[in-house]
Amino acid sequence: MPSSALLDKAAKSKYMDLETNGITQAMYIWIDGSGESMRCKTRSLDNEPKDISELPMWNFDGSSTGQAEGSNSDCFLKPCAMFNDPFRGAPNKLILCEVLNYKMEAVETNHRKTCKEVMSQVKEDHPWFGMEQEYTLLDVDGHPFGWPKQGFPGPQGPYYCAVGTGNVYGREVVEAHYKACIYAGITISGTNAEVMPAQWEFQVGPCEGIKMGDHLWMARFLLHRVCEDFGVVASFDPKPMNGDWNGAGCHCNYSTEKMRLPGGFDEINNAVEKLSKRHNYHIQAYDPQGGKDNMRRLTGLHETSSIYDFSSGVANRQASIRIPRHVGEEKCGYLEDRRPSSNCDPYTVTEVIARTTILNEEGDVVLKLNC
């Protein structure tokens, strides 16, 4: 077991309560070279920043995060979104950053830059996104939290949105994370236990444009930090357990202003038609491995569609695109793209949806899932 899980958390509190004489601790946070993991480090500021423009750029050793060569290792952190720090409290801040190379260009896993450019082009359409982040709590040995060490819990059925000992695994983590997100200023809108025991979901949104990616990435960071305090691990693997167990996704709910207005159902159907013609392009963008991670999850079983075929339908959770029943009845609202994997990059997901449905980009790709 990692030593941090054994440390006395209560002993830390007397230090956390010490006065800092006006110094603000700013934790800079970024996505590393994996495109999935996050890194962080803290600096002292003489004053509490009120706006992102007041924060200085910083640097780090990119050769240690898979983002630069050792012979030219400096990468730069460009602050892009600021949140309240729920772990250190006011006036301390969490700073989400873009990563730039020595030429001040976006590194390969900095998908925020192009996402922001696209969102600027479509701002008049007011695209709203809401993403349903599923994840699995693991013990430090990699086994799902609360599962028998030499076996399995009972079959799926009693765990979804459950209550009661034996049905719920790890609610303490979920409640702590929820409050931490609210304090930070993240647009978290809900949470629930999922179908597989030890699997949970939280929802972020609605967020307009670039804020969707900013808020979901910061919510993921907070989850990892909360899990540190409880000595457990949060996994975003799309299929953490083989067999008759649900995988984990990150369904993306999406609408434009026209879709939300009365009579917007035609706009929704138009968007679905455009998405149907670029299925492979979207699958390739919906997990960090170009679809290979999602291939384990999108099998047509366990409330998923097939990765190879596009489908849509009202209230159909085995479709690529689900139209919620109330949207079908009210003839306006939003659609749900159920294809993104739990480890997707929300910047990439929201960018390609806007490219296809608003900018009317065309053309599909050939998936290379078995290479």
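Residues numbered from 1 in each chain as written. Predicted model: local features only at pLDDT ≥ 70, side-chain atom pairs only at ≥ 80, totals over all residues. Heavy atoms only, no water.

Turning next to the overall build of the protein. A tally of helices and strands in the protein yields ten helices and 13 strands. The C-alpha radius of gyration of the protein comes to 21 Å, within 12% of the 21 Å expected for a compact globule of 371 residues. Projected onto its principal axes, the C-alpha positions of the protein cover 60 × 50 × 45 Å. The 371 residues of the protein split such that 51% are buried. Counting contacts in the protein only where the partners sit at least 6 residues apart, residues at least 24 apart contribute 66% of the total. In the form shown here, the protein has an accessible surface area of approximately 17100 Å², with 49% of it arising from carbon and sulfur atoms. Taken together, the 38 basic and 50 acidic charged side chains of the protein have centroids lying 1 Å from each other. (Helix = DSSP H or I, 4+ residues; strand = E, 2+ residues; numbered from the N terminus. Rg over C-alpha atoms; globule rule 2.2 N^0.38 Å. Buried < 20%, exposed > 50% of the residue type's maximum accessible area, 1.4 Å probe, protein only. Contact = heavy atoms within 4.5 Å. Areas by Shrake-Rupley, 256 points an atom, 1.4 Å probe, with all protein chains shown as cover. Lys, Arg positive; Asp, Glu negative; His and termini not counted. Charge placed at Lys NZ, Arg CZ, Asp CG, Glu CD.)

With respect to the helices and strands, the residue Glu351 is situated in helix H10 (residues 346-357). Relative accessible area serves as the criterion here: at 9%, Glu351 is assigned to the buried category. For Glu351, the side chain forms a polar contact with the side chain of Arg355, separated by 2.8 Å. Those residues in contact with Glu351 that sit more than four places away from it in its chain are His111, Thr114, Cys115, Val118 and Met119. (Polar contact = N/O pair within 3.5 Å; in protein donor to acceptor, adjacent residues only side chain to side chain.)

Moving on, we come to the pairing of strand S1 (residues 24-31). Burial runs high along S1: seven of the eight residues are buried. Pairing of S1 with strand S2 (residues 38-45) involves eight bridges; the strand directions are antiparallel. Within S2, the residue paired with Met27 across the bridge is Thr42. From the end of S1 to the start of S2, which pair antiparallel, there are six residues, and Gly35 there has a positive phi angle of about 80 degrees. The sheet contact formed by S1 and strand S5 (residues 93-100) spans four bridges and is parallel. Along S5, the bridge assignment pairs Ala26 with Lys93. (Pairing = 2+ DSSP bridges.)

Moving on, we get to the packing of aromatic side chains. Going through the model one piece at a time under the given rule, you end up with nine aromatic pairs. With 5.3 Å between their ring centres and 25 degrees between their planes, Phe129 and Tyr254 make a pair best called stacked. Of the two residues, Phe129 is situated in strand S6 (residues 128-138) and Tyr254 in strand S10 (residues 250-255); the sequence distance between them amounts to 125 residues. In terms of burial, Phe129 and Tyr254 fall into one category: buried. Look at Trp147 and Trp245: their rings are 4.7 Å apart centre to centre, the planes differ by 45 degrees, and that puts the pair in the tilted class. Of this pair, Trp147 sits in the loop between S6 and helix H3 (171-184) while Trp245 sits in the loop between strand S9 (233-235) and S10, and the two are 98 residues apart along the sequence. With relative accessibility at 3%, the residue Trp147 sits in the buried group. Trp245 sits in the buried class, given a relative accessible area of 8%. (Phe/Tyr/Trp six-rings, centres within 6.5 Å; stacked < 30°, edge-to-face > 60°.)

The periodicity of an α-helix, 3.6 residues per turn, causes residues three or four positions apart to be oriented the same way. Relative to the 16 Å expected for twelve residues at 1.5 Å per residue, helix H6 (residues 265-276) spans 16 Å between its end C-alpha atoms, a close match to the ideal helical length. Those residues of H6 that sit buried are Phe265, Ile268, Ala271, Val272 and Leu275. The buried residues of H6 occupy an angular sector of 115 degrees when the element is viewed end-on, so they sit on one face. (Expected span 1.5 Å × (residues − 1). Arc of directions from axis to C-beta.)

Okay, the nonpolar core next. The tendency in soluble globular proteins is for nonpolar side chains to be buried as a group. Within the largest apolar cluster, 68 residues are counted, with the highest numbers of intra-cluster contacts made by Leu96, Tyr135, Ile186 and Leu335. Looking at which element gives the most residues to this core, the answer is helix H4 (residues 211-230), with ten residues. Leaving out residues up to four positions away in the same chain, Tyr135 has contacts with Val174, Ala198, Gln199, Trp200, Glu201, Phe202, Leu223, Ala234, Ser235 and Phe236. Ala26, Ile95, Cys97 and Val107 belong to the second-largest nonpolar core, a separate cluster that totals 13 residues. (Core = buried A, V, L, I, M, F, W, Y, C linked by side-chain atoms within 4.5 Å.)

A word on the state of the cysteines. Summed over all chains, the structure comprises zero disulfides. No disulfide involves Cys181; its sulfur sits 11 Å from that of Cys207, the nearest cysteine. Here Cys332 is not cross-linked by a disulfide; its sulfur's nearest cysteine counterpart is in Cys252, at 19 Å. Judged by relative accessible area, which is 15%, Cys332 ranks as buried. (Disulfide = S-S within 2.5 Å.)

Don't take any of this as a statement about function, it's just geometry.
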